[in-house]
Amino acid sequence: MSSPEQAKGFATRAIHAGHGERDPYGALTSPIYMTSTFEFDTAEQGAARFAGEEEGYIYSRLGNPTLTELEYKLADLEGAEACLAVASGMGAITSVFWTFVAPGDEILVDKTLYGCTFAYFHHGLEKFGITVRYVDMCQVKNLAREISDKTKIVYFETPANPNMRIVDIKAICEIAHSSGARVVVDNTYCTPYLQNPIALGADIVVHSATKYLGGHGDLMAGVILSNAEDMEQIRYVGLKDMTGAVLSPMNAFLVTRGLKTLELRMERHCDNAEKIAQMLMDSRKVGQIFFPGLPSFEQHELAKSQMNRFGGMVAFELHGGHEAGLKFLNSLTLCKIAVSLGDAETLVEHPASMTHSTYTPEERELHGIGEGLVRISVGLENAADILLDIEQALAQV
Ligand SMILES: Cc1ncc(COP(=O)(O)O)c(C=O)c1O
């Protein structure tokens with residue numbers, strides 16, 4: 001493997017980092033190791049690998065060369081010591097928590113989260129005697145007030161799905177660390193191209209690689225990044241024995257391929273999203289617009305201080321509420337009505353009835369997810385075509 005290439009540019013590292021030895025046949029692209037197990041030369045060698053006395057692959061739930069290439073590349077891009085690629089974003093999140101929490105522990109999580117993450121905490125972890133407390137982490141002082149020596153993990157997304165709330169990564173890490181808690185950040189919306197939580201103090205970063213990292217809507221994957229010690233525990237306790245959320249080599253290959261164009265794609269997503277947010281400002285059908293790149297966005301300055309650009313996600317509240325949201329979606333002709341995000345296609349969804357239907361209406365209100373909220377994952381099409389479609393759909397609301 002080539003050594004970490006931090007000094008080189010992002011796109012260069014996204015293309016070259018992690019690429020192994022020259023292939024015996026000269027193949028430029030690494031082969032895909034579609035194998036579940038690995039043959040040992042001798043019984044002693046097998047025993048030595050299990051005992052950790054000899055390097056080498058054993059079984060694909062523990063590691064596979066196609067995944068190693070992806071993990072090495074992502075660790076380089078995110079500035080982490082180590083990375084683990086898993087089967088989905090939820091596989092990443094659950095592998096982290098099952099590794100580090102036990103009954104009696106407490107975790108503090110932000111009040112706005114992706115719907116299934118919220119469901120995992122609320123309906124999953126709480127069932128196992130783990131106290132989950134929801135804190136508005138946009139106000140750093142709230143964390144300072146709520147944290148205690150029982151707090152094992154502080155968890156948030158920034159920008160948060162779906163309403164783009166920004167959390168001050170550095171300030172939250174300082175408070176959490178002074179209490180001995182680990183900070184876990186979901187960096188799915190930004191990718192390492194736009195934001196590096198580890199450089200700002202975070203202990204662990206998770207991604208749904210299903211989204212921008214893969215980038216083409218053709219796979220499910222997740223990744224976890226941290227220091228070598230934590231990653232070893234997450235691999236050999238969380239993944240191996242508790243979640244088994246193993247990524248297939250085929251999908252690892254597709255994420256590696258997607259990463260080669262991440263910089264180009266993110267620049268285009270950001271350009272298009274800025275144009276759409278600007279256009280929404282002129283619509284009288286639209287109330288609040290949630291896009292950190294707008295100077296009118298409440299946390300614009302904070303976003304500017306920790307993100308390189310503002311990303312490809314835009315959300316807005318329609319004055320007509322729930323019904324207006326559905327009408328808007330049904331009026332689109334180019335943009336697709338679909339959940340997920342980070343694909344080439346522009347995807348539009350209604351969080352209250354789709355991704356965030358895991359919250360009750362009361363919880364949605366409490367957690368700031370409006371009934372008329374529409375979320376757009378701005379795609380890579382020509383901006384003028386996306387704008388036209390959104391304008392005509394707004395006209396029908
Ligand atoms: C912010 C965020 N985190 C995690 C996930 C879960 O990822 P996956 O669907 O790959 O399990 C999602 C999925 O939409 C997401 O939006």
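About the criteria used
- Residues numbered from 1 in each chain as written.
- Predicted model: local features only at pLDDT ≥ 70, side-chain atom pairs only at ≥ 80, totals over all residues.
- Helix = DSSP H or I, 4+ residues; strand = E, 2+ residues; numbered from the N terminus.
- Rg over C-alpha atoms; globule rule 2.2 N^0.38 Å.
- Contact = placed C-beta atoms within 7 Å.
- Domains from an automatic or database assignment.
- Nonpolar A, V, L, I, M, F, W, Y, C, P; charged D, E, K, R; others polar.
- Pairing = 2+ DSSP bridges.
- Axes fitted to C-alpha atoms, helices over the stretch in contact; angles between N-to-C directions.
- Buried ≥ 20, exposed ≤ 12 C-beta atoms within 10 Å, placed from the backbone.
- Parallel < 35°, antiparallel > 145°, perpendicular 65-115°, else oblique.
- Left-handed = near helix turned anticlockwise from the far one by under 90°.
- Near = placed C-beta within 6 Å.

A few words now on the overall build of the protein. Along the backbone of the protein there are 15 helices and twelve strands. Here the C-alpha radius of gyration of the protein, 21 Å, is about what a compact globule of 397 residues would show, namely 21 Å. In terms of principal-axis extent, the alpha carbons of the protein reach across some 75 × 50 × 35 Å. Sequence-distant contacts, at least 24 apart, represent 74% of the contacts inside the protein between residues at least 6 apart.

A separate point is the domain arrangement of the protein. With domains assigned, the protein is organised as domain 1 (10-259) and domain 2 (262-395). Averaged C-alpha coordinates put domain 1 and domain 2 at centres separated by 26 Å. Counting residues at the interface gives 33 residues for domain 1, matched by 34 residues for domain 2. When residues of the side of domain 1 that touches domain 2 are traced back to their parent elements, those giving at least two are helix 1 (10-16), helix 5 (115-124), helix 8 (191-194) and helix 10 (249-259). Ranked by residue count, the leading element in the side of domain 1 that touches domain 2 is helix 5, at four residues. Its residues assigned to classes, the side of domain 1 that touches domain 2 comprises 20 nonpolar, ten polar and three charged.

For the rest of this paragraph, the subject is the sheet that holds strand 3 (residues 131-135). Spatial strand order, 1-7-6-5-4-2-3: seven strands in an open sheet with mixed pairing. The sheet terminates laterally at strand 1 (82-86) and strand 3, the two strands that pair on one side only. Shown here is a sheet whose adjacent strand axes are inclined to one another by a mean of 20°, direction ignored. Where strand 2 (residues 106-110) lies against strand 3, five bridges are found, and the strand directions are parallel. Within strand 3, the residue paired with Leu 108 across the bridge is Arg 133. Sheet contacts for helix 4 (residues 89-100): strand 1, strand 4 (151-157), strand 5 (182-186), strand 6 (204-208) and strand 7 (222-226); angle to strand 6, the most-contacted strand, approximately 150°.

Most of strand 6 sits out of view: five of its five residues are buried. Residues of strand 6 alternate between two faces, with Ile 204, Val 206 and Ser 208 on one and Val 205 and His 207 on the opposite face, all of them buried. Here strand 5 pairs with strand 6 via three bridges, running parallel. Note that in strand 6 the partner of Val 185 across the bridge is Val 205.

It is worth spelling out the packing of helix 11 (residues 262-280) against helix 15 (residues 383-395) at this point. Taken N-terminus to C-terminus, the directions of helix 11 and helix 15 make an angle of 30°; their axes are 10 Å apart at the nearest point. In terms of axis orientation, helix 11 runs roughly parallel to helix 15. When you trace helix 11 past helix 15, the crossing you get is right-handed. For the pair helix 11 and helix 15, contact is made by Asp 271, Asn 272, Lys 275, Ile 276 and Met 279 and by Ala 383, Ile 386, Leu 387 and Ile 390, respectively. Grouping the constituent residues of the contact of helix 11 with helix 15 by class yields six nonpolar, one polar and two charged.

Further remarks concern the site of the ligand. Taken together, 14 residues surround the ligand, and among them Ser 88, Gly 89, Met 90, Ser 208 and Thr 210 come closest. Those elements giving two or more residues to the shell around the ligand turn out to be helix 4 and helix 5. Split by residue class, the shell around the ligand holds four nonpolar, eight polar and two charged.

Taken together, the five strands give an open sheet; going across it, the order is 8-9-12-11-10, and neighbouring strands pair in mixed fashion. Two strands bound the open sheet, and with one partner strand each, they are strand 8 (286-290) and strand 10 (336-337). Here strand 9 (residues 313-318) runs beside strand 12 (residues 373-377); their pairing, made up of five bridges, is antiparallel. If you follow Val 314 over to strand 12, its bridge partner there is Ile 376. Lying over the sheet, helix 11 contacts strand 8, strand 9 and strand 12, oriented at roughly 15° with respect to strand 9. In the packing of helix 13 (residues 321-330) onto the sheet, the strands contacted are strand 9, strand 10, strand 11 (347-349) and strand 12, and the crossing angle to strand 9 comes to about 130°.

Turning our eyes to something else, we now look at the packing of helix 4 against helix 9 (residues 228-243). Two numbers describe how helix 4 lies on helix 9: the axes approach to 8 Å, and their chain directions differ by 105°. The angle between helix 4 and helix 9 falls in the class roughly perpendicular. For the pair formed by helix 4 and helix 9, the contact residues are Gly 91, Thr 94, Ser 95, Val 96, Trp 98 and Thr 99 on the first element and Gln 233, Ile 234, Val 237, Gly 238, Leu 239, Met 242 and Thr 243 on the second. Here the contact of helix 4 with helix 9 is composed, by residue class, of six nonpolar, seven polar and no charged.

Here Asp 168 is to be found in the loop between strand 4 and helix 7 (169-178). Residues Asp 168 and Leu 200, spaced 32 residues apart in sequence, show a C-alpha to C-alpha distance of 9.3 Å. Filtering out sequence-adjacent residues up to four positions away, Asp 168 remains in contact with Val 140 and Leu 302.

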